[in-house]
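# What the coordinates show
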Amino acid sequence: MSKKGYWSPYLAGGLSGVVAIASLWFSGKFLGASTTFVKSAGMIESIFAAETVAQMPYFMKNTPVIDWQWMFVIGIGIGAFLAALTGGTFSLESLPSMWRKNFGETPKKRALIAFGGGIIAMFGARLADGCPSGHGLAGASQLAVSGFVALFFFFIGGVISANLLYKGGGKR
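What counts, and at which threshold
- Residues numbered from 1 in each chain as written.
- Predicted model: local features only at pLDDT ≥ 70, side-chain atom pairs only at ≥ 80, totals over all residues.
- Heavy atoms only, no water.
- Phe/Tyr/Trp six-rings, centres within 6.5 Å; stacked < 30°, edge-to-face > 60°.
- Helix = DSSP H or I, 4+ residues; strand = E, 2+ residues; numbered from the N terminus.
- Buried < 20%, exposed > 50% of the residue type's maximum accessible area, 1.4 Å probe, protein only.
- Expected span 1.5 Å × (residues − 1).
- Arc of directions from axis to C-beta.
- Contact = heavy atoms within 4.5 Å.
- Axes fitted to C-alpha atoms, helices over the stretch in contact; angles between N-to-C directions.
- Parallel < 35°, antiparallel > 145°, perpendicular 65-115°, else oblique.
- Nonpolar A, V, L, I, M, F, W, Y, C, P; charged D, E, K, R; others polar.
- Salt bridge = Lys/Arg side-chain N within 4 Å of Asp/Glu carboxyl O.
- UniProt positions renumbered as here; feature names shortened; annotations may be inferred.
- Patch = residues over 30% accessible without salt bridge, like charges linked within 9 Å, V, L, I, M, F, W, Y side chains within 5 Å.
- Areas by Shrake-Rupley, 256 points an atom, 1.4 Å probe, with all protein chains shown as cover.
- pLDDT = per-residue confidence, 0-100.

## Structural notes on the packing of aromatic side chains
To describe a pair of aromatic rings, one takes the distance between the centres and the angle between the planes. In total, this model carries four aromatic pairs according to the counting rule given. Centre to centre, the rings of Trp68 and Phe72 are 6.5 Å apart; their planes meet at 40 degrees, and the pair counts as tilted. Separated by four residues within a single helix, Trp68 and Phe72 lie in helix 4 (residues 68-86), roughly one turn from each other. Owing to a relative accessible area of 28%, Trp68 belongs among the partly exposed residues under this scheme. Considering the side-chain rings of Phe152 and Phe153, the 5.1 Å spacing of their centres and the 80 degrees angle between planes classify their relative orientation as edge-to-face.

## Let's talk about helix 4
Over its 19 residues, helix 4 runs 26 Å from end to end, which matches the ideal 27 Å to within 8%, given 1.5 Å per residue. Three or more residues of helix 4 are buried, namely Gln69, Phe72 and Ala84. The buried residues of helix 4 occupy an angular sector of 110 degrees when projected down its axis, which confines them to one face. In this structure, the buried residues of helix 4 make contact with helix 1 (9-27) and helix 2 (34-55).

## Details of the packing of helix 2 against helix 6 (residues 107-127)
Running from N to C, helix 2 and helix 6 cross one another at 105 degrees; their axes reach a closest spacing of 10 Å. On the basis of their axis angle, the class for helix 2 and helix 6 is roughly perpendicular. Along its contact with helix 2, which presents Ser34, Thr35, Phe37 and Val38, the element helix 6 presents Met122, Ala125 and Arg126. Across the contact of helix 2 with helix 6, the residue classes tally to four nonpolar, two polar and one charged.

## Quick word on the pattern of salt bridges
Summed over all chains, the structure comprises one salt bridge. Residues Lys39 and Asp67 are paired through a salt bridge, measuring 2.6 Å at the closest nitrogen-oxygen approach. You can see Lys39 sitting in helix 2 and its partner Asp67 sitting in the loop between helix 3 (57-61) and helix 4, a full 28 residues away along the chain. With relative accessibility at 10%, the residue Lys39 sits in the buried group. By relative accessible area, Asp67 is classed as buried at 18%.

## Regarding the UniProt feature "transmembrane region" (unreviewed entry) in the chain
Taken from the UniProt record, the annotation "transmembrane region" (unreviewed entry) applies to residues 7-26, 68-90, 111-128 and 140-166. This span, residues 140-166, is 89% helix and 0% strand, and a straight line between its end C-alpha atoms measures 28 Å.

## Regarding a nonpolar patch on the surface
A contiguous nonpolar patch, built from Ile66, Met71, Ile74, Ile78, Phe81, Leu82, Leu85, Phe90 and Leu92 and spanning about 890 Å² of accessible area, is present on the exposed surface. As for its position among the elements, Ile66 is in the loop between helix 3 and helix 4. Looking at Ile66, the relative accessible area reads 52%, which means it is exposed.

## Notes on the confidence of the model for the chain
Looking at the chain as a whole, its pLDDT mean stands at 83, while 94% of the residues score no less than 70. Element-level pLDDT for the chain is lowest in helix 5 (residues 97-103), with a mean of 76, against a maximum mean of 91 in helix 2.

As structure tokens, this is what we get:
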């Protein structure tokens, strides 16, 4: 832990590497998360139209079931909770002050911005056939040029997003 209560980025990065190795060792799969959301949508749609889902080419190849990747995403949430708890930074907030300051009090506006950001993120993940953890972490760990290119652009996107949120560029 650092003196502010946040986890050391070196420790967190090292642990991410251990998880990436363990994932490949035990499941034979590289890290990734975006397919989980698509599979979850397929599971929900199966409740209403199982025959339609069964005939979709994507779901013929990627069966919509709870699998290792689905559990990985659940683990991310649990891990984030435990990190905040052990780092002493956990707090329950209905609305973080940063969002209130940058995007106002109106829930409708904040919901539209969050939903729009989610659409853009998932469109990019599906267009790239994977998410940052899949392309960046798994790709770079294989020394793939595409993994390093992906990490570079994820970093640039993160810098832009952080500047919009933390420096008040989100005000409209």
